Number of protein chains: 4
Amino acid sequence: MPALNPQQWLSLKRIVRFGDTDAAGVMHFYQLLRWCHEAWEESLERYGLPASDVFPNCSQNQEDPKVALPIVHCHADFRRPIKTGDHLVVELFPERIDSSSFQVQSKFQMQGDEVAIGLLRHLAIDAKTSSRCALPTSIDLWLEASSLKLGVKPI
Amino acid sequence: MPALNPQQWLSLKRIVRFGDTDAAGVMHFYQLLRWCHEAWEESLERYGLPASDVFPNCSQNQEDPKVALPIVHCHADFRRPIKTGDHLVVELFPERIDSSSFQVQSKFQMQGDEVAIGLLRHLAIDAKTSSRCALPTSIDLWLEASSLKLGVKPI
Amino acid sequence: MPALNPQQWLSLKRIVRFGDTDAAGVMHFYQLLRWCHEAWEESLERYGLPASDVFPNCSQNQEDPKVALPIVHCHADFRRPIKTGDHLVVELFPERIDSSSFQVQSKFQMQGDEVAIGLLRHLAIDAKTSSRCALPTSIDLWLEASSLKLGVKPI
Amino acid sequence: MPALNPQQWLSLKRIVRFGDTDAAGVMHFYQLLRWCHEAWEESLERYGLPASDVFPNCSQNQEDPKVALPIVHCHADFRRPIKTGDHLVVELFPERIDSSSFQVQSKFQMQGDEVAIGLLRHLAIDAKTSSRCALPTSIDLWLEASSLKLGVKPI
């Protein structure tokens with residue numbers, strides 16, 4: 001049964017590794033997009049959704065998921081240099097766009113300062129026909145549960 | 001002396017490699033951003049600008065370039081699946097934004113169809129102080145020479 | 001029809017890109033293994049063997065190759081630092097080990113000096129059952145044609 | 001002060017991510033070498049050695065470490081396919097080779113079975129002159145503390 005507090009799957013950590021940097025001494029830009037995807041994967045798993053429900057060719061798969069979720073758009077903004085050994089907090093902001101697409105924004109913070117943001121937009125397609133289809137129920141549940149994070153309003 | 005025909009440094013080729021793909025059988029999305037950066041590097045070199053004029057820590061560097069060109073924004077749109085062995089044409093569209101920044105859009109085509117686009121936006125900063133500064137002259141020349149591609153108009 | 005001179009598919013070039021380096025200012029070690037695999041892919045293609053004959057999920061595949069060629073061992077030795085913009089010559093030395101395995105050594109040279117070597121060893125397995133099987137005929141032909149490079153002896 | 005039980009910094013975990021795989025549906029081989037390096041970095045940090053003591057260009061660095069530790073050799077053996085979502089245990093076996101070099105073997109296990117091993121060999125060099133030098137004291141201490149793991153013998 002999934003965890004009840006969205007912070008448990010929407011607030012993650014990442015430590016920058018040496019291989020993520022380039023000869024200018026800072027993180028090489030496209031690694032951030034990799035981190036965004038890995039943060040999304042970690043979030044699903046923490047929520048309670050195993051990789052085999054979402055991705056093809058997992059060890060646990062009896063058969064592959066019927067719906068694929070390719071990325072149709074991504075972007076990132078870089079505000080400050082990020083370096084080897086930096087401890088980052090990653091906050092995820094998932095959002096349902098329509099019945100067949102969603103996006104996840106990841107904000108990377110260091111000591112309270114936002115150092116970069118990245119965003120991945122996914123489209124649900126039938127894994128066999130490649131035609132647009134409804135989001136899988138499990139992803140819909142994760143999106144709904146995640147939205148509770150934003151829904152608490154002061155009286 | 002630089003080549004005279006912008007097509008020589010703005011129209012490149014790339015063959016998709018097996019390691020660029022993921023278990024869904026298609027290019028893993030963030031590899032495209034890597035390709036964009038590598039296409040920019042190849043373009044500069046074909047134009048006549050050696051890596052050591054632009055990047056730090058090159059073999060030829062007596063001293064590092066005084067200006068660094070970090071990426072402050074990137075985005076990509078994915079229109080069709082890209083697979084191992086695909087032969088892509090990459091067309092670059094560099095654009096000066098202002099005195100201290102520029103961007104390069106890369107359009108990836110396969111057999112005449114656009115399969116993806118990526119864009120990298122760079123800011124010029126003083127390599128020592130990290131404060132915003134003017135674009136290096138060599139980059140300005142490349143931007144100007146590249147703009148001729150778009151400037152030829154029929155009478 | 002394949003080219004006749006093995007040099008055409010066993011002697012390649014690579015230019016080191018900025019994203020291949022790390023914050024020590026030199027190529028990050030595991031990129032070399034990527035280059036080895038990409039050099040192998042380029043070699044097959046130059047020889048006349050399309051990617052779709054060797055790798056699964058290519059655009060041209062009617063059906064996937066019956067034999068997969070996973071890597072069971074790799075190693076690399078690094079002799080000198082390799083930096084952004086370096087122009088490398090890559091020489092490939094393919095070798096048949098037995099009826100179901102082969103290896104390819106790649107020597108990376110810069111201005112005549114050997115800067116690194118890498119080696120990938122592949123095993124042929126039935127793509128469905130994963131059991132060891134004979135090398136595909138096309139790979140056998142490439143191995144044989146490649147061995148001619150080494151086979152010319154003075155009288 | 002460093003932890004006392006080597007298991008705390010020599011036995012780590014890794015979950016395989018989608019971007020680590022290729023179109024054959026399994027981990028793409030060179031990612032394992034990346035994991036080995038990242039496991040080493042994680043081990044040092046868990047032991048109590050900050051990245052800024054070992055790597056150049058860290059946020060905390062007043063000045064860069066006087067000794068660099070480039071990789072001069074690596075190898076890996078792959079025994080079983082590794083797939084998206086797999087939970088791996090990584091066991092590190094560091095070993096001092098001589099006064100200026102050491103190596104770290106990483107064994108990757110899944111549900112008790114060894115699925116792959118990787119090894120990285122590092123040489124200590126003076127960061128300015130690039131000549132071979134003694135290992136940094138901090139690395140020597142980590143090596144010594146790590147060796148206790150192997151040293152406990154039954155009476």
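The structure displayed is predicted, hence computed values, not measured ones.

Parameters and conventions
Every chain is numbered independently, its residues counted from 1 as its sequence is written. Chains and ligands are labelled by the order in which they are written, letters from A for the one and numbers from 1 for the other. Reporting of local features is limited, given that this is a predicted model, to residues whose pLDDT is at least 70; pairs of side-chain atoms are given and counted only at 80 or more, and all residues count toward the totals for whole chains, interfaces and linings. Heavy atoms throughout the structure, all of them, feed into the side-chain values; hydrogens and water do not. Numbering of helices and strands runs from the N terminus, with a helix taken as a DSSP run of H or I at least four residues long and a strand as a DSSP run of E at least two residues long. Here the radius of gyration uses the C-alpha set of atoms, whereas the globule reference equals 2.2 Å times the residue count to the power 0.38. Contacts were defined at the residue level, with two residues in contact if any of their heavy atoms lie within 4.5 Å. The Shrake-Rupley method, run with a 1.4 Å probe sphere, supplies the accessible areas, and residue values consider only the shown protein chains as cover. Charge counting treats Lys and Arg as positive and Asp and Glu as negative, with His and both chain ends excluded. The location of each charge is read from NZ of Lys, CZ of Arg, CG of Asp or CD of Glu. For a helix, the expected span equals 1.5 Å multiplied by the residue count minus one. Exposure classes here rest on a 1.4 Å probe applied to the protein chains alone. A residue is buried below 20% of its type maximum, exposed above 50%, and partly exposed in between. Strands qualify as paired when DSSP identifies two bridges or more between them. Only C-alpha atoms enter the line fits that serve as axes; for helices the fit covers just the stretch in contact. Angles between N-to-C directions range over 0 to 180 degrees. A simple way to read buried area is as the amount of 1.4 Å-probe accessible surface that goes missing from two parts once joined, with both sides added. Salt bridge, as applied in this entry: a Lys or Arg side-chain nitrogen positioned within 4 Å of an Asp or Glu carboxyl oxygen. Side-chain atoms alone can form a polar contact between residues adjacent in sequence; in general such a contact is a pair of N or O atoms within 3.5 Å, and within protein one must be able to donate a hydrogen while the other accepts it. Superposition of the copies used a least-squares fit over C-alpha atoms from residues whose pLDDT is at least 70 in both. Here the term charged refers only to Asp, Glu, Lys and Arg, the term nonpolar to Ala, Val, Leu, Ile, Met, Phe, Trp, Tyr, Cys and Pro, and the term polar to all other amino acids, Gly among them. Cavity and pocket criteria rest on a 1 Å grid covering protein atoms alone: a 1.4 Å probe that fits but cannot get out defines a cavity, protein on both sides within 12 Å along at least 5 of 7 lines defines an open pocket, and an atom within 4 Å of a point defines a lining residue. Grid points are joined across faces, edges and corners, and a volume is the space filled by probe spheres set on the points.

A. Main features of the overall build of chain A. Counting its regular elements, chain A contains 3 helices and 7 strands. N-terminal to C-terminal, the α/β element order of chain A is α-β-α-β-β-β-β-β-β-α. Radius of gyration (C-alpha) of chain A: 16 Å, near the 15 Å computed for a compact globule of 155 residues. For chain A, restricting intrachain contacts to residue pairs at least 6 apart in sequence, the fraction spanning at least 24 positions comes to 64%. Total accessible area computed for chain A in this model is approximately 7,100 Å², and 51% of it derives from carbon and sulfur atoms. Side chains of chain A give 16 positive and 19 negative charges; the mean places of these two sets differ by 4 Å.

B. Looking closely at helix H2 (residues 31–47) of chain A. Residues and elements named next belong to chain A. Spanning 17 residues, H2 covers 24 Å between terminal C-alpha atoms, matching the ideal 24 Å at 1.5 Å per step. Counted residue by residue, H2 has 14 buried out of 17 residues, so it is predominantly covered. Within two residues after H2, Gly-48 carries a phi angle of roughly 125°, on the positive side.

C. Broad picture of the sheet that holds strand E4 (residues 87–98) of chain B. On the basis of which strands lie adjacent, the open sheet formed by 10 strands has the order E1(A)-E4(A)-E5(A)-E6(A)-E3(A)-E3(B)-E6(B)-E5(B)-E4(B)-E1(B) and antiparallel pairing. A single partner strand is all that each edge strand has here, and the edge strands are strand E1 (11–15) of chain A together with strand E1 (11–15) of chain B. Between one strand axis and the next, the sheet turns by 20° as a mean value, whatever way the strands run. Direction of pairing for strand E3 (residues 71–78) of chain A relative to strand E6 (residues 113–123) of chain A: antiparallel, over a ladder of 7 bridges. Within E6 of chain A, the position partnered with Ala-76 of chain A by the bridge is Gly-118 of chain A.

D. Seen up close, the interface of chain D and chain C. If you look at the interface, chain D gives 19 residues, while chain C gives 19 residues. Here chain D packs against chain C, burying approximately 1,700 Å² in sum over the two surfaces, 68% of which is carbon and sulfur. Across the contact surface, chain D and chain C share 0 salt bridges. Applying the counting rule to chain D against chain C returns 10 residue pairs in polar contact (both at pLDDT 80 or more).

E. Region of interest: the relation of the copies chain D and chain C. Rotating chain D by 180° and translating it 0.0 Å along the rotation axis places it on chain C, where the RMSD comes to 0.0 Å. Considering both components of the superposition, the chain copies are consistent with a two-fold axis. When C-alpha positions in chain D are compared against the rotation axis, the closest is assigned to His-75 of chain D, at 2.0 Å. Interface residue correspondence from chain D to chain C reaches 100%, placing this contact among same-surface, isologous pairings.

F. Spotlight on the interface of chain A and chain D. Each side of the interface is counted separately: chain A has 23 residues, and chain D has 23 residues. Taken over both partners, the interface formed by chain A and chain D buries close to 1,900 Å², and the fraction arising from carbon and sulfur atoms is 48%. Where chain A meets chain D, there are 2 salt bridges. Residues Glu-45 of chain D and Arg-17 of chain A are paired through a salt bridge, measuring 3.7 Å at the closest nitrogen-oxygen approach. Counting the contacts that link chain A with chain D gives 6 residue pairs in polar contact (both at pLDDT 80 or more). With 6 residues, H2 of chain A is the largest single contributor of residues to the side of chain A that touches chain D. Of the residues assigned to the side of chain A that touches chain D, the class counts are 6 nonpolar, 8 polar and 9 charged.

G. Structural detail: the sheet that holds strand E4 (residues 87–98) of chain C. Taken in spatial order, the 10 strands of this open sheet run E1(C)-E4(C)-E5(C)-E6(C)-E3(C)-E3(D)-E6(D)-E5(D)-E4(D)-E1(D), and their pairing is antiparallel. Of all the strands in the sheet, just strand E1 (11–15) of chain C together with strand E1 (11–15) of chain D have a single pairing partner and so form its edges. Here the strands of the sheet are splayed against their neighbours by 20° on average, with no regard to which way each runs. Where strand E3 (residues 71–78) of chain C and strand E3 (residues 71–78) of chain D come together, 5 bridges link them in antiparallel fashion. What sits directly across from Asp-77 of chain C, in E3 of chain D, is His-73 of chain D. Sitting on the sheet, helix H2 (residues 31–47) of chain C touches E1, E3, E4, strand E5 (101–110) and strand E6 (113–123) of chain C together with E3 of chain D, and the angle it makes with E6 of chain C is about 70°.

H. Region of the structure containing unusual backbone geometry. Residues and elements named next belong to chain A. Within the chain, Asn-57 stands out as a residue other than glycine whose phi angle is a positive 65°. Relative to the helices and strands, Asn-57 is located in the loop between H2 and strand E2 (67–68). Taking relative accessible area as the criterion, Asn-57 reaches 26% and is therefore assigned partly exposed.

I. Broad picture of the pattern of salt bridges. One pass over the full model with this rule turns up 40 salt bridges over all chains. We note a salt bridge from Asp-20 of chain A to Arg-34 of chain A, for which the minimum N-O separation is 2.8 Å. Of the two residues, Asp-20 of chain A sits in the loop between E1 and H2 while Arg-34 of chain A sits in helix H2, which places them 14 residues apart along the sequence. For the residue pair Asp-20 of chain A and Arg-34 of chain A, the accessibility class agrees, reading buried in each case. We note a salt bridge from Asp-140 of chain B to Arg-96 of chain B, for which the minimum N-O separation is 2.9 Å. With Asp-140 of chain B in helix H3 (residues 137–151) and Arg-96 of chain B in strand E4, this pair connects stretches of sequence that are 44 residues apart. One network of salt bridges, with partners in common, ties together Arg-14, Asp-20, Arg-34 and Glu-38 of chain A.

J. Here's a closer look at the relation of the copies chain A and chain D. Under the fitted operation, chain A is carried onto chain D by 0.0 Å of movement along the axis and a turn of 180°, and the coordinates agree to an RMSD of 0.0 Å. With an isologous cut-off of 70% or more, the 100% of interface residues of chain A that recur at the interface of chain D puts this contact in the isologous class.

K. Molecular detail of the environment of Ala-116 of chain B. Residue and element names in this part refer to chain B. Along the chain, Ala-116 falls in strand E6 (residues 113–123). When its relative accessible area of 0% is taken as the criterion, Ala-116 is described as buried. Sequence spacing of Ala-116 and Ala-51 is 65 residues, and the spatial spacing of their C-alpha atoms is 26 Å. Apart from the residues within four sequence positions on either side, Ala-116 is in contact with Leu-32, Asp-77, Phe-78, Arg-79, Ile-82, Ser-106, Lys-107 and Phe-108.

L. Summary view of the pairing of E1 of chain C. Residues and elements named next belong to chain C. Covered by surrounding structure in E1 are Leu-12 and Arg-14 only, the residues Ser-11, Lys-13 and Ile-15 on the alternate face being uncovered. Strand direction decides the pairing type here: E1 and E4, joined by 5 bridges, are antiparallel. When the sheet's bridge partners are listed, Lys-13 is paired in E4 with Val-89.

M. Structural view of empty space enclosed by the protein. For the structure shown, the criterion picks out 6 cavities of 30 Å³ or more. Estimated volume of the largest cavity: approximately 170 Å³. In this structure, the largest cavity is lined by 13 residues; those nearest its centre are Tyr-30 of chain A, Tyr-30 of chain B, Tyr-30 and Gln-31 of chain C together with Tyr-30 of chain D. Sorting the residues of the lining of the largest cavity by element identifies H2 of chain A, helix H2 (31–47) of chain B, H2 of chain C together with helix H2 (31–47) of chain D as the ones contributing at least two each.

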